[in-house]
Each structure stands twice: as structure tokens, then as C-alpha cells.
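# What the coordinates show
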Amino acid sequence: MDERRLVRCGRLFCGDSDEVLTDHTLVVEGGLVVTVVPSASMPAAPGVAEIDCSGDFVMPGLIDVHTHLAYGNAKTEEDIDIYAPMEFRTLRGMYFAHQVLAAGYTSIVVPGSSGMLASSVRDAVDAGLFEGPRTTAAGPYITSRQGLTDWYPTWIGVPSTSIGRLVKSRDEAIEEIRRQVKDGVDAVKIALDGILRRPDGEYVAAFTLDETRAMVDEIHRLGKIAIAHCRGREASLYAGIAGVDLIFHASYMDDEALEAIVRNGCAISPTLTLLRNTIDFVTTKAETYPDSRRMRYLAEFESAIESLKRAKAAGIPMPTGTDSGFAVTPFGEWHARELEIYVNHLGFTPKETLRAATSVSAKVVRPKDKVGTLATGYHADFIVLGADPTRDVSILLDPEKILAVYKGAEKTSPPRRGYQAKRVSDFAMTMFTDHYTRERVAELGLTRE
């Protein structure tokens, strides 16, 4: 697209400061912002197309740095890894990428994916074959014997279709990084903890500090973004010392880890939406989630809030992400809930939160691309809102308030359409959800014929 366009904005939040401009115009050419000027100084001109948002609120497209297009809104890890063929997963991921775009998210990170699904979706969107967000793509997580995604017994092993790649030595880890980079990833994700805990309940790091440093150094040597899953204290510390670019969770980060993260300029994405949704929606079903698990999730949430408030006070960049792709965080549904959590629990102002979801996220995960801000030379990716999110970020969860989504100043297709949830996931051959002893049947008030 080469033609010049004028985007008339009633109120405009550019993403790089707290300022909200009134009656300003975005001048766009070739899909990029040329300048931002008061509307009065830019009169209409013959042959110049205009996008009239003069009665609306305009801001940069949002960014979710933790969206798993391979998951398919799954209920189980087996459903993520095993049952659907890779071809179907990719088609499904492309469909759900559009759902995310329709929710106002014009850029995403897919950190951990089956095979090359994420980069395939990225390339199809970039080539103009389909509509979707700009995508920073990673391949399968790099994991160890006790790391996230190594879910299966050793006598089964890790399926080739898994979202994880099990490595058994430092050399294998380095080789896997090089393989993924050759295949075209933008980022490499390391599962720095996930399963194994000590008797006191603390997570054990899945890799040693020396191994972590070697992997992160190789990722950076090859010019890619290093991402790590770190719930525990030890993994957060190792990620900070090694200089991981983007750390997920950091729920049990201590002061030593915090100091290392600050020293090495790492960013933390809290990803509290998955945890909060699980507490709010799932753990109320006692037959599925025992009370002990609910209490564990609540304890993690409380610890995370305490740790992440310290991170905010220390000035650590905190991009927004949700872990969308599980049954409790379906694509296109809950992305903006993370913004609510920033305001309600982490002490962010609405404007700080909007910057976190735009310019702050962009600097971490799209460092070579100009998104997340509406300024000269940046992509004209923006959303048009029927309410002011600087007063209440919750309006971003209301589809009726998202009047339009533009990518490169091109309006995207009409928003989400329905689909049959049980035909896109939920393929595990589960027969029952309870254990029907005579005592349990009596407790449930069931009768026998």
C-alpha cells in the first residue's frame, strides 16, 4: 500500500508516553506513520483518503508476548502434543491468530510451539496469504528431564510432535538452538523449571547455571531473543545472571534474582491471567481440582504479586502476556485481563499498563521492528475504541468497545466468528472425570437402576 492516508483521531494515545492528544491526525504512507499533527493543521486534500475516527479513541495495537497458537484451547498436555496432526494444528493456529487480531492484538509472541507452526503462521501472514498479527516465533521449548514439557514417563519419551524438545547434554542443547535458528525462529525458549521440587516445595532449576549461560550465549550469538519459563527462585536467578531477554512468571523470585535481572537488563512478563483464571474458574470444581491444588495456586499468585511489585519498583520492563491457548484462556477472550491485573494487583496506572502492552512489549520482543508506538517511521497498527482505556482498561475486554482494528492502516476483517470447540481440541480419550466408589455415588446423590 503506497497511498497517503489521514487518520483523524478524536483522542490519541501514541504509546510512548502518558500523554493523550486531542484532535490529532496520523499521516500514513506505505503503511507507516509519516507524522502526527494537530488535525487543524492538516486540512483535507483532493485524492487523499481519510479514516474518520474523530469521535473515537485511537491507540497502538496491543501486544501479547505469551500466546501459544499450537495449543488449540487444550484441556490436557496430551491434547497439545499428541492427538491432532501437525497440519491440522497449523490450520487451527492460523484461525486462532485471527481471533487474537480481532481482539485488538496486532502483534504477538508465540513462545514454544509444535514444530515450526509459529513461524509458518508468521510467514503466511507476512506474505499476505491470511490476516493475523505480526508474530515473533519460537520453536519447541528446550527442556531437560525435569523441565516443563517433559511430561511423559521415560519409557514413553517425548513425542516428535511435542511442544518441547528434550535435550540430554549441553551439546544437544546448543545443537537444538542452532537447528531452530536455521529453521527460521525469531526467539528460542528454555524451560528453566517446571516439574521437580525439593521437599520444601521449591522448584528445582531444570538446567545448571553453567548450562543456562551456554544456551543464552548461543542464542544471543546467533542474533535471537532468549526467552525462559521461570516460576521458581533458582530458575529466575539463573535467567537473570545469564541475561535472558524475557522471563515468564518469576513467581518466587527473591532479592538476589531481582538484582541479577536488573543488572543484566532482563524483562519479566508476569503472565498472571492463566493463574488467575485457573483460580477463579477451574478450582471451584472440587471433583477436578482438589483444595490442596487451589491453595497452591493461591499461594503462587500471592507470592507473584509480592515479587512483581518489587520488580516494578526496580524499573524492570514488564511486557504483557496471558498464556492464551489453554481451555481456561481461550484465544481472543482474556488477553486484556492481564491489563486489569496490572492495575488491580500490581499498582500500575491505566496509562502505565497501556504502555506496558504496547511500546514496552515492542522493545523487548520486536526490537528490529517498529511497532507498539504511533510515531514517525512506525507501522500504522492501531485500534479504534468507543471508550477511553486510560480511565478503565477493562473496556478492552468488551468486544463492542473495539470498533475497528487496523494493521498498516488497513482495516482488518470483521471480528470473530464461532467454531465448534470440541472439534478443534479435546481429543484425549478421557472417559470419566470422577471416581465412582459407593461412598462417592452416595455423596453425589446418584441412584442405581
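Our subject is the structure listed above.
A short tour of the structure in this document, coming up. Note that residues are indexed from 1 along each chain, following the sequence as it is written. For a predicted model such as this one, the threshold for reporting local features is a pLDDT of at least 70, and the threshold for listing and counting side-chain atom pairs is 80 or more; totals across whole chains, interfaces and linings nevertheless cover every residue. Hydrogens are left out, water is left out, and the side-chain values use all remaining heavy atoms of the structure.

Right, let's talk about the pattern of salt bridges for a bit. What counts as a salt bridge is simple: a side-chain nitrogen of Lys or Arg found within 4 Å of a carboxyl oxygen of Asp or Glu. This model, assessed by the stated rule, comprises 31 salt bridges. For arginine 5, the salt bridge is made with glutamate 3, and the minimal N-O distance between the two is 2.9 Å. Burial status follows relative accessibility: with a 1.4 Å probe on protein chains alone, a residue under 20% of its type maximum counts as buried, one over 50% as exposed, and anything between as partly exposed. We classify glutamate 3 as partly exposed; its relative accessible area is 40%. Linking arginine 233 and aspartate 254 is a salt bridge whose minimum nitrogen-to-oxygen distance equals 3.9 Å. Of this pair, arginine 233 sits in helix 6 (residues 233–242) while aspartate 254 sits in the loop between strand 12 (246–249) and helix 7 (255–263), and the two are 21 residues apart along the sequence. Residues joined by salt bridges that share partners form a network here, namely Arg198, Glu202, Arg233, Glu234 and Asp254. Helix and strand assignments come from DSSP, with helices taken as H or I runs of at least 4 residues and strands as E runs of at least 2, each series counted from the N terminus.

Look at asparagine 73: it is not a glycine, yet its phi comes out positive at around 60°. The residue asparagine 73 is located in the loop between strand 5 (62–64) and helix 1 (77–83) in this model. At histidine 249, a residue that is not glycine, the phi angle is positive and equals roughly 85°. Along the chain, histidine 249 turns up in strand 12. Owing to a relative accessible area of 1%, histidine 249 belongs among the buried residues under this scheme.

Turning our eyes to something else, we now look at the packing of helix 5 (residues 209–221) against helix 6. Following both chains from N to C, one finds helix 5 and helix 6 inclined at 45°, their axes separated by 9 Å at the closest point. Of the possible angle classes, the one that applies to helix 5 and helix 6 is oblique. For the pair helix 5 and helix 6, the sense of crossing is right-handed. Contact with helix 5, carried on its side by Leu209, Thr212, Arg213 and Val216, involves Tyr238, Ile241 and Ala242 of helix 6 and no other residues of that element. In the contact of helix 5 with helix 6, the residues fall into five nonpolar, one polar and one charged. An axis is simply a line fitted to the C-alpha atoms; with a helix, the fit covers only the stretch in contact. Between two such axes, the angle follows the N-to-C directions and lies from 0 to 180 degrees. Throughout this description, any angle smaller than 35 degrees is read as roughly parallel, any larger than 145 degrees as roughly antiparallel, any in the 65 to 115 degree range as roughly perpendicular, and the remainder as oblique. By definition, turning the near helix anticlockwise from the far helix through less than a right angle yields a left-handed crossing, and turning it clockwise yields a right-handed one. Here, residues are in contact when the closest pair of their heavy atoms is within 4.5 Å. Any residue outside Ala, Val, Leu, Ile, Met, Phe, Trp, Tyr, Cys, Pro, Asp, Glu, Lys and Arg is labelled polar, Gly included; the first ten of those are nonpolar and the last four are charged.

Let us now look at the packing of helix 6 against helix 7. At a closest axis distance of 7 Å, the pairing of helix 6 and helix 7 adopts a crossing angle of 25°. In terms of their interaxial angle, helix 6 and helix 7 are classed as roughly parallel. Considering only the axes of helix 6 and helix 7, their crossing is left-handed. Contact with helix 6, carried on its side by Arg233, Ser236, Leu237, Gly240 and Ile241, involves Glu256, Ala257, Ala260 and Ile261 of helix 7 and no other residues of that element. Partitioning the contact of helix 6 with helix 7 into residue classes produces five nonpolar, two polar and two charged.

To continue, consider the sheet that holds strand 6 (residues 105–110). If DSSP finds at least two bridges between two strands, the strands pair. Taken in spatial order, the three strands of this open sheet run 5-6-7, and their pairing is parallel. Each edge of the open sheet is held by one strand with a lone partner, namely strand 5 and strand 7 (134–137). Taken pair by pair, the neighbouring strands of this sheet meet at an average axis angle of 15°, ignoring direction. Relative to strand 6, strand 5 runs parallel, the two being bridged by three bridges. Bridging from a neighbouring strand, leucine 62 pairs with tyrosine 105 of strand 6.

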